[in-house]
Amino acid sequence: MNEASFLAAAEQHCLQGGVKLTDLRRKVLSLAVKYTGIVKAYQLLTDLQAERGGVAPPTIYRALDFLVEQGLLHRIEALNGFLVCQHFNCTHHGLILSCQRCGKATEINDDEHLPRINAHCQNLGFVMRKQSIVIDGWCASCTPQAI
């Protein structure tokens with residue numbers, strides 16, 4: 001899906017949820033879409049400042065919080081960054097494959113294993129909150145170089 005289609009679908013998703021994808025939120029999402037991997041808040045802040053001038057850090061964090069709440073971005077706490085959700089019409093835990101060599105990150109929908117992890121957690125009396133699980137390794141392009 002190209003950027004314009006993705007942003008239109010994101011806007012529709014927000015409208016269906018009864019919230020508005022404001023110009024600022026849309027711009028932050030548009031900037032995040034340009035990254036192929038995990039993007040840090042300060043990278044987005046720098047990009048936004050380059051386009052709009054003096055933007056304060058709380059502005060970007062409020063926009064990011066909204067985008068995460070709406071399921072448009074995943075907050076990857078282990079990597080202190082964000083990843084665009086490619087299938088935001090479902091509620092799920094993210095399973096993220098993160099290449100340690102090139103930085104590319106890919107979200108996969110794993111309906112088989114993630115429920116089993118959640119069941120193990122419940123058996124231990126542990127309540128798993130919505131979380132992204134990051135698996136570090138090497139993407140197909142980098143695997144030959146990593147061996």
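Note that the coordinates shown come from a computational prediction; the quantities given were computed from them, not determined experimentally.

A.B. asks: So what exactly am I meant to see when it comes to the overall build of the chain here?
C.D. replies: Broken down by element type, the chain carries 6 helices and 5 strands. Counting from the amino terminus, the chain carries its helices and strands in the arrangement α-α-α-α-β-β-β-β-α-β-α. Relative to the globule expectation of 15 Å for 147 residues, the C-alpha radius of gyration of the chain, 16 Å, shows essentially globular dimensions. Structurally, the chain occupies a C-alpha span of about 45 × 40 × 30 Å along its principal axes. Buried positions account for 37% of the 147 residues belonging to the chain. Pairs at least 24 apart in sequence give 52% of the contacts found in the chain among residues at least 6 apart.

A.B. asks: Would you take a moment to explain the packing of aromatic side chains for this structure?
C.D. replies: Two aromatic rings are characterised by how far apart their centres lie and by the angle between their planes. Inspection of the entire model under this criterion finds 1 aromatic pair. Between the aromatic rings of Tyr42 and Tyr61, the centroid separation amounts to 6.3 Å while the plane-to-plane angle is 70 degrees, which identifies the pairing as edge-to-face. Here the residue Tyr42 occupies a position in helix H3 (residues 41–52), and Tyr61 occupies one in helix H4 (residues 57–69), the gap between them amounting to 19 residues. Classification of Tyr61 by relative accessible area gives partly exposed; the value is 34%. A cation sits over an aromatic face here: Arg25 above Phe66, 3.7 Å from the ring centre.

A.B. asks: Explain the pairing of strand S2 (residues 81–84) here, please?
C.D. replies: Two faces make up the sheet, and in a regular strand the side chains alternate between them. Burial of S2 is two-sided: the residues Gly81 and Leu83 facing one way and the residues Phe82 and Val84 facing the other way are all buried. Sheet topology places strand S1 (residues 73–76) next to S2; 4 bridges connect them, and they run antiparallel. Its bridge partner lying in S2, Ile76 is registered against Gly81. Here S1 hands over to S2 after 4 residues, with Asn80 in that stretch at a positive phi of 50 degrees.

A.B. asks: What is the right way to read the packing of helix H2 (residues 23–33) against H3 from this model?
C.D. replies: In a pair of packed helices, the angle between the axes and the distance between the axes together describe the arrangement. Axis separation between H2 and H3 bottoms out at 10 Å; the angle between their running directions is 120 degrees. One element, H2, and the other, H3, form an angle in the oblique class. Here H2 and H3 pass one another in a crossing that is right-handed. Taking contact as the criterion, the partners of Asp23, Leu24, Lys27, Val28, Leu31 and Ala32 in H2 are, on H3, Leu44, Asp47, Leu48, Glu51 and Arg52. When the residues that make up the contact of H2 with H3 are grouped by side-chain class, the tally is 6 nonpolar, no polar and 5 charged.

Rules of the game
Residues numbered from 1 in each chain as written. Predicted model: local features only at pLDDT ≥ 70, side-chain atom pairs only at ≥ 80, totals over all residues. Heavy atoms only, no water. Helix = DSSP H or I, 4+ residues; strand = E, 2+ residues; numbered from the N terminus. Rg over C-alpha atoms; globule rule 2.2 N^0.38 Å. Buried < 20%, exposed > 50% of the residue type's maximum accessible area, 1.4 Å probe, protein only. Contact = heavy atoms within 4.5 Å. Phe/Tyr/Trp six-rings, centres within 6.5 Å; stacked < 30°, edge-to-face > 60°. Lys NZ or Arg CZ within 6 Å of the ring centre and 35° of its normal. Pairing = 2+ DSSP bridges. Axes fitted to C-alpha atoms, helices over the stretch in contact; angles between N-to-C directions. Parallel < 35°, antiparallel > 145°, perpendicular 65-115°, else oblique. Left-handed = near helix turned anticlockwise from the far one by under 90°. Nonpolar A, V, L, I, M, F, W, Y, C, P; charged D, E, K, R; others polar.

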